[in-house]
Amino acid sequence: MPPRTGPSRRFWLAIAALYAALLVTSHLVQALSGLQRVPATETISRQAVQVSRTTHDGVLPREDPRSGSMTVAYLRWSPAETPTESRPPVLLLHGSPGSADNYSVLGPKLAAAGYEAIAVDLPGFGSSSARIPDYGNRAHAFALIEFLDALDIDRAHVVGWSNGGGITVELSVIAPERVASATLLGGTGSQFGEGSQSYWFEKAKYAVGYATLVALPEAFPHFGLLADRGSRHAFIRSFWDTDLRAIERALPEVTVPTLVLQGRNDFLVPDFAAEHHHELIPTSRLVVLPAGHFLPFMQADETTRWLVEHFSRHDMPGIDPLTNTVDLAPIEGTEGLAGLYQRFRGLLVRTPWWAEATVLGLLAWRFPWLAVLLAGLLVGGVRLDIGVATVGLLVGRMLHERAWGRPRRVFGLFLTLPIVLTFVQMGIATWLRELPAWLVVLLIPPLAIILRIITACARRVWTRRGRLRLGASVRRLVHHEWWSPCVFYLPLIPYLLWLSIRHRGVLVFACANPGIERGGGLVGESKLAILRALADDPSVLTSHAIPEGPISDRLAALDRAVENLSGYPVILKPDEGQRGAGVRLLRSREDGERAFLSGAPGLHIAQRYHPGPMEAGVLWARVPDADPPRGEIIGVTRKEFPEVTGDGRHTLRELILDHPRYRCQEHVFEARFLAIDELVPSNGERVRLAEAGNHCQGALFRDGADLITPELTAAIDRLSLGFEGADGGGFDFGRFDLRYTDDESLRRGEGFGVVELNGTTSESTNLYDPDRSTRWAYGVLFRQWRTLYALGAWRCARGSNRYGFLSLMRDLCRFYARDRGSTVSS
């Protein structure tokens, strides 16, 4: 049995005991510090009265065990002059979560305008009683009637902000004689204004919210830093105990003069909800401001002006209410992008939540990151409920990642997606709405990249395997060895344009290598034809064609090739290869059958296997007009093949992830080893992860400048200058891929085998050396292209045919239209 390497059981018991002690201490600190909110009646600014306990049916009767009294705390701002009886006070109701302190800016301004302002800590909130039987809007309305009685207030102007709007509606219907006027200040009032517009979906959201915001924090020693339990409990219960369907039915019954004061950019209570409330309340006036949700303190002056105008008109009963609409933030334009935006927004508002979630889920299944970005923009910029978006994305991502039955992955997605959507909604999407459409289009790609990074980080930190993959992603990001070609070659584009101008032609480099078809090996060249042009040299590994056709014919051709090559193993690869794609090491006829049955289309090559065990890439370039003809080696790449050593306990994937380099190409090895999660190499067993000497197939490239010698240069000159390709054309520039036994033999120019020769698109692959800097790599890259353009111009001056743009497009289309089977070697 292998020795135990992890922490001991005693260690984990000590950790558990320490955690339990911290948790108990946290609860004691919260209890002793008064975080369960004893009413602050002794303070000057806050006062309190005792009222009867209420539910949605009214005051609890004495025989009910829940009956009794509760404390209602409040703040009061009085005007400099005592108001007359004809000027009722203003009752200010906060939202959830909230307290009377939300009106610390607006209250004094109303007092300065001559109105006594009373801001209430609703039961369950602020300094009012923490534990009450019912936190719903209707129960709060009955409690406010008791509160007005306790203060001897017959009539009051009632202002309900946010969730306080529903309380205002209930109070206006239950006791209209006590309400001089009502104001919905960015206020709720109907199920239509809720995110999903579904009563039961919202109930499910509140249940999840209670579990995550109320119950779950109590399992952590937060010492009150996450707010006291009572505040969190009241926040969720106020929504859970409120039925907005009943409030919506009550809206047409409102008879008191009502002002619907709404911010056009309100992201919590949307503008279309306020318009809906105005349509249903027969005595309402709608005023839309260029503002958001936080009117009581962000736009306190303008809010005060509209409130005072509304109050002064209805200080005395009997004045007909205004029922017009004042739109101070009109929607700009009904044509073009603006009109399309509004039509799409209206369609989204009318679409059922389950249809939105289904469409988003299907998109996330096929295009996950596009779906996340789109959902974030719709949540923040158009109108899509964050809960609906989370459900759709969660199901789609689970389908995409096949996460069913993997609890850790599901848990990570469940926690990550709301965080990401909230980030986009609160931070990016609202900002994007203020920008021109063309700029938004330009910003979407970088935003998608940022979003993917944030999501990947948040999703992977939950497991050790995820953290290892996250570290691999960081490594791939910071070093040029792992960069995507579209990123790595981006700085090369201006240099190629300059070389094109200097040598008077974009494709002038394709004049080099006249002995190789299609631009000297630019795209789709035949590897077999190139090898045959070198076939007279004994160092070239013998190759035979395996034509396309029925599998039986291909296997017969393979049998003949293997016989000529003196048996297995042999290398099987496409004639038109690309970056090592489709290269296979065949050790038996059964391997060949599997290769052809798995779909290896097109002409293939069966090549003699050189055991190596070492491989190098030698980039050679002709020296123009040299006498006698000669060339030079621009660079040599020493290739190292990845392998892991088993311990009899860990799977192949775990061994790969434990290696700081191999984990960066986990996806390549996963495609190569189908049983990567089941294969457990025995103790000491060495498993080679790649056979193809290609970086994207897993090989490690290092600069092999120490291998360049006059002897090796002479051997490569002999091969290159003896090349006789199509129509007797020669060879000027390309990379020889060599297998060899040891470094000393290669330095002497002996004992190597030529695997293949690449033409004008060859690369000095030593630039991928992980120990070399990015600046050095670009120096190598720029030098090779400078050399290639000079050789192409030299060949053009000697009468070589130019490779035209139309020919390039034709060959590219032909090459990429062909199915070349697997992109991973085996």
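All figures in this text were calculated on a predicted structure; none of them were measured in a lab.

Calculation rules
What you see as residue numbers is a count from 1 along each chain, following the sequence as written. Thresholds applied to this predicted model are a pLDDT of at least 70 for local features of residues and 80 or more for the giving and counting of side-chain atom pairs; totals over whole chains, interfaces and linings are not thresholded and use all residues. Neither water nor hydrogens contribute to the side-chain values; these are computed over all heavy atoms in the structure. Helix and strand assignments come from DSSP, with helices taken as H or I runs of at least 4 residues and strands as E runs of at least 2, each series counted from the N terminus. Relative accessibility decides the category of a residue: with a 1.4 Å probe and only protein chains considered, values under 20% of the type maximum give buried, values over 50% give exposed, and everything between is partly exposed. Between N or O atoms, a polar contact is any pair within 3.5 Å; within protein, one atom must be a potential hydrogen donor and the other a potential acceptor, and residues adjacent in sequence are included only when both atoms are from side chains. For the purposes of this analysis, a disulfide is any pair of cysteine sulfur atoms at a distance within 2.5 Å. Just to be clear on terms, a salt bridge is a Lys or Arg side-chain nitrogen sitting within 4 Å of an Asp or Glu carboxyl oxygen. When checking whether two residues touch, look at their non-hydrogen atoms; a contact exists if any pair is within 4.5 Å. Only buried residues count toward a nonpolar core. Its members are Ala, Val, Leu, Ile, Met, Phe, Trp, Tyr and Cys residues joined through side-chain atoms within 4.5 Å. Note on scores: pLDDT gives the predictor's confidence for each residue, bounded by 0 and 100.

Quick notes on the side chain of Thr-709
With respect to the element layout, Thr-709 can be found in the loop between β20 (700-703) and α26 (710-721). Residue Thr-709 is classed as buried on the basis of its relative accessible area, which comes to 14%. At 3.1 Å, the side chain of Thr-709 and the backbone nitrogen of Leu-712 are in polar contact. At 2.4 Å, the side chain of Thr-709 and the backbone oxygen of Arg-747 are in polar contact.

A look at the state of the cysteines
One pass over the structure, following the stated rule, counts 1 disulfide. For Cys-511, the disulfide goes to Cys-796, at an S-S distance of 2.3 Å. Because the torsion about its S-S bond is 75 degrees, the bridge between Cys-511 and Cys-796 counts as right-handed. Residue Cys-511 is found in the loop between α19 (492-502) and α20 (517-521), and its partner Cys-796 is found in helix α28 (residues 774-797); the two are separated by 285 residues along the sequence.

So, the pattern of salt bridges
Any two side chains of opposite charge can pair if their charged atoms end up close together. The full count for this structure, using the stated rule, is 49 salt bridges. Of the charged contacts, one joins Glu-615 and Lys-639 as a salt bridge, the two residues approaching to 3.4 Å between their closest N and O atoms. With a gap of 24 residues between them, Glu-615 in strand β16 (residues 614-622) and Lys-639 in strand β17 (residues 631-640) connect regions that are remote in the sequence. With a shortest N-O distance of 3.1 Å, Arg-739 and Glu-615 are connected by a salt bridge. Here the residue Arg-739 occupies a position in strand β21 (residues 733-740), and Glu-615 occupies one in strand β16, the gap between them amounting to 124 residues. Salt bridges here are not isolated pairs; linked through shared partners, they connect Glu-615, Lys-639, Arg-735, Asp-737 and Arg-739.

Some words on the side chain of Ser-762
Tracing the sequence through the fold places Ser-762 in the loop between β22 (752-758) and α28. On the accessibility criterion, Ser-762 (2% relative accessible area) is buried. At 3.1 Å, the side chain of Ser-762 and the backbone nitrogen of Arg-735 are in polar contact. There is a polar contact of 2.5 Å between the side chain of Ser-762 and the backbone oxygen of Gly-759. Not counting residues within four places of it along the chain, the set of residues in contact with Ser-762 comprises Leu-619, Phe-733, Gly-734, Arg-735 and Gln-784.

Some points on the nonpolar core
When a protein is soluble and globular, its nonpolar side chains tend to lie buried together. In terms of nonpolar packing, the biggest core is built from 44 residues, with Leu-91, Ile-118, Leu-144 and Phe-147 touching the most fellow members. Looking at which element gives the most residues to this core, the answer is helix α3 (residues 137-150), with 7 residues. Among residues more than four places away in sequence, those in contact with Ile-118 are Tyr-74, Leu-75, Arg-76, Pro-89, Val-90, Leu-91, Leu-92, Phe-147, Leu-151 and Ile-153.

Structural notes on the confidence of the model for the protein chain
Confidence in the prediction of the protein chain, expressed as mean pLDDT, is 84, and 84% of residues score 70 or more. pLDDT under 50 marks residues 1-6. Its contacts with residues more than four places away, or in other chains, come to 1 contact. Note that pLDDT drops below 50 for residues 35-44; the model gives that stretch 21 contacts with residues more than four away or on any other chain.

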